[in-house]
Amino acid sequence: MAGQLPNPTLSFSAARDTPHESVLWDQPLELGGKRSKRIAVANEELKATEIDIGVLGRQIRHRTRDAFYKALLSRAQALQSKAALDLSTRIRDAVRQRFDAGDVAELEVIQAEVEVARSGTDYESATQTQKIADAQLAVLLNQPLDRPPDLKGLVEELPTVETLAALSDRVLHTNTEVLRTTQELAIEERRLSLARSQRIPNLDLQAGVDLNSPGEFDVGPRGQIGITLPLFNHGQGEIAQSSARLELLRLSLQALRNNAQVQVFAAYFDYVAKARQADQYKNAIVPQTSKLEEMAEESYRAGKINLLTLIDSQRRLNETRKTYLDSLFAVQSAFSTLEETVGTPLD
């Protein structure tokens, strides 16, 4: 529409006076490059639409990435629940052996059975959670819900990020809000140029013939030129409005750049903190807690501690492993947030 040319007007008139008929062709001509400036505005608006499409793509990527790692997390949690069930079963068998040998009371056998039932319930719940996570991912990928997606990867595979300085520099050129406001600024600059060109009046060319003037002529050509005089409306209002909006957009752009860098700082340090927490669980807390559980199990078999102490160490190990898995997913979520803040893929 921006590149359209004004349509001509063809008119025919008939009258009792001479000449009795006339045909007139009226063609408006735009001066001052108005058409090219409208095209320039439309091209900048097209770029703004492309930016919005890119923003939608990044949002879909964020949601899909979170759903993917949530599915991986649910599978890891199911495996962890199965390991907890196996551990409870092994402890129950050890309790039965000691009961058969007459070393413990039947109460401890019942306590061990209760713990196995509890672990079995947790495992069933984890498997259902895995099915839900698989279904949510399948919906995003437009895949059948009755077939679990074939996932490759582990929730333990944590991404690496660039330095804070590199991210701070990149965000000024890729952040969604910065890009959108920068494009709005470019659009407004084109609109201001168009508003200034509107001050140049258009030319109106007319050409035609007069017909049937008895005693004078049968066919007589005619023509005229018209132009609008800008005596009262100079277009100053539109120019002033566009100039004020330009200044507002420039100030907003600077504020958004500062805010984008602040958001990158916050997202980066949040990612680093969560990554360090996951690393602590992986290299120190989980191995030490597992070792404590093994020592407690050996001590119980030797008759040095009671069953409640062993069950407490088992539960502590299960909770530690669950917290470790949650910390891994928290790292992945923090990375997704950092990626969306920067506005471009980081892996």
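Look a little higher up for the structure.
Throughout what follows, the structure given in this document is the object of discussion. (Residues numbered from 1 in each chain as written. Predicted model: local features only at pLDDT ≥ 70, side-chain atom pairs only at ≥ 80, totals over all residues. Heavy atoms only, no water.)

**Examining the overall build of the protein chain**
(1) Moving on: Across its full length, the protein chain holds 6 helices and 4 strands.
(2) Moving on: Helices (α) and strands (β) of the protein chain occur, in sequence order from the N terminus, as β-β-α-α-α-α-β-β-α-α.
(3) Moving on: On C-alpha atoms alone, the protein chain measures out to a radius of gyration of 38 Å, which is more than a quarter above the 20 Å that the 2.2 N^0.38 rule sets for 347 residues.
(4) Moving on: With the C-alpha coordinates aligned to their principal axes, the bounding extent of the protein chain is approximately 140 × 45 × 30 Å.
(5) Moving on: Counting only residues that meet the buried cut, the protein chain has 35% of its 347 residues in that class.
(6) Moving on: In the protein chain, the proportion of contacts linking residues at least 24 apart, taken out of those at least 6 apart, comes to 78%.
(7) Moving on: Summing over all exposed atoms, the protein chain offers an accessible surface of approximately 20,500 Å²; the carbon and sulfur share of this is 55%. (Helix = DSSP H or I, 4+ residues; strand = E, 2+ residues; numbered from the N terminus. Rg over C-alpha atoms; globule rule 2.2 N^0.38 Å. Buried < 20%, exposed > 50% of the residue type's maximum accessible area, 1.4 Å probe, protein only. Contact = heavy atoms within 4.5 Å. Areas by Shrake-Rupley, 256 points an atom, 1.4 Å probe, with all protein chains shown as cover.)

**Some words on the layout of surface pockets**
(1) Moving on: Taken as a whole, the largest pocket holds about 230 Å³ of empty space.
(2) Moving on: As for the largest pocket, its lining consists of 16 residues, of which Gln198, Arg199, Pro201, Pro230 and Asn233 are closest to the centre.
(3) Moving on: Taken together, the residues that form the lining of the largest pocket break down as 7 nonpolar, 6 polar and 3 charged. (1 Å grid on protein atoms, 1.4 Å probe; cavity = no way out; pocket = protein on both sides within 12 Å on 5 of 7 lines; lining within 4 Å. Points joined across faces, edges and corners; volume = space filled by probe spheres on them. Nonpolar A, V, L, I, M, F, W, Y, C, P; charged D, E, K, R; others polar.)

**Quick look at the packing of helix 1 (residues 34-100) against helix 4 (residues 176-197)**
(1) Moving on: Following both chains from N to C, one finds helix 1 and helix 4 inclined at 170 degrees, their axes separated by 9 Å at the closest point. On the basis of the axis angle, helix 1 is roughly antiparallel to helix 4.
(2) Moving on: Class assignment for the residues of the contact of helix 1 with helix 4 results in 9 nonpolar, 4 polar and 11 charged. (Axes fitted to C-alpha atoms, helices over the stretch in contact; angles between N-to-C directions. Parallel < 35°, antiparallel > 145°, perpendicular 65-115°, else oblique.)

**A closer look at the pattern of salt bridges**
(1) Moving on: As enumerated under the stated definition, the model contains 24 salt bridges in all.
(2) Moving on: Its salt-bridge partner being Asp134, residue Arg75 comes within 3.4 Å of it at the nearest N-O pair. Here Asp134 lies in helix 2 (residues 106-141) and Arg75 lies in helix 1, a separation of 59 residues in the sequence.
(3) Moving on: On the accessibility criterion, Arg75 (23% relative accessible area) is partly exposed.
(4) Moving on: Asp134 sits in the buried class, given a relative accessible area of 7%. (Salt bridge = Lys/Arg side-chain N within 4 Å of Asp/Glu carboxyl O.)

**Section: helix 5 (residues 236-301)**
(1) Moving on: If you check helix 5, its first and last C-alpha atoms are 93 Å apart, about what 66 residues at 1.5 Å a residue would give, namely 98 Å.
(2) Moving on: Maximal helix bending in helix 5 amounts to about 45 degrees, located at Tyr281.
(3) Moving on: Phi for Gly303, located one or two positions after helix 5, is positive at around 80 degrees. (Expected span 1.5 Å × (residues − 1). Bend = angle between axes of the 7 residues up to and from the residue.)

**Focus: the sheet that holds strand 4 (residues 217-227)**
(1) Moving on: Taken in spatial order, the 4 strands line up as 1-2-3-4 in an open sheet, and their pairing is antiparallel. Strand pairing shows two members of the sheet lacking a second neighbour, strand 1 (9-14) and strand 4, which therefore form its edges. Sheet twist, expressed as the mean angle between neighbouring strand axes with direction ignored, is 15 degrees.
(2) Moving on: Sheet topology note: the strand 2 (residues 21-29)/strand 3 (residues 203-213) ladder contains 9 bridges and is antiparallel. (Pairing = 2+ DSSP bridges.)

**Thoughts on the pairing of strand 3**
(1) Moving on: Taken together, the 10 bridges between strand 3 and strand 4 define a ladder with antiparallel strand orientation. The residue of strand 4 that forms the bridge with Asp204 is Gly226.
(2) Moving on: Taking the residues that link successive antiparallel strands as the turn, the strand 3-strand 4 hairpin has 3 residues, and the phi of Gly215 there is positive, at about 85 degrees.

**Comments concerning the nonpolar core**
One recurring pattern in soluble globular proteins is that nonpolar side chains are buried together.
(1) Moving on: Counting residues in hydrophobic clusters, the biggest one holds 41 residues, and the most contacted among them are Val155, Leu167 and Leu338.
(2) Moving on: At the level of elements, helix 1, helix 2, helix 3 (164-174), helix 4, helix 5 and helix 6 (307-342) are the ones that each hand at least two residues to this core.
(3) Moving on: Of the residues forming this core, the biggest block, 14 residues, is contributed by helix 5.
(4) Moving on: The residues touching Leu167, leaving out its near neighbours within four places in the chain, are Glu162, Val264, Tyr268, Leu338, Val342 and Leu346.
(5) Moving on: Leu87, Val109, Leu310 and Leu317 belong to the second-largest nonpolar core, a separate cluster that totals 12 residues. (Core = buried A, V, L, I, M, F, W, Y, C linked by side-chain atoms within 4.5 Å.)

**Points about the pairing of strand 2**
(1) Moving on: The pairing of strand 1 with strand 2 spans 6 bridges and is classified as antiparallel. When the sheet's bridge partners are listed, Ser11 is paired in strand 2 with Leu24.
(2) Moving on: Taking the residues that link successive antiparallel strands as the turn, the strand 1-strand 2 hairpin has 6 residues.

**Thoughts on the environment of Ala94**
(1) Moving on: Among the secondary structure elements, Ala94 is positioned in helix 1.
(2) Moving on: The spatial distance from the C-alpha of Ala94 to the C-alpha of Tyr300 is 8.8 Å, given a sequence separation of 206 residues.

Don't take any of this as a statement about function, it's just geometry.
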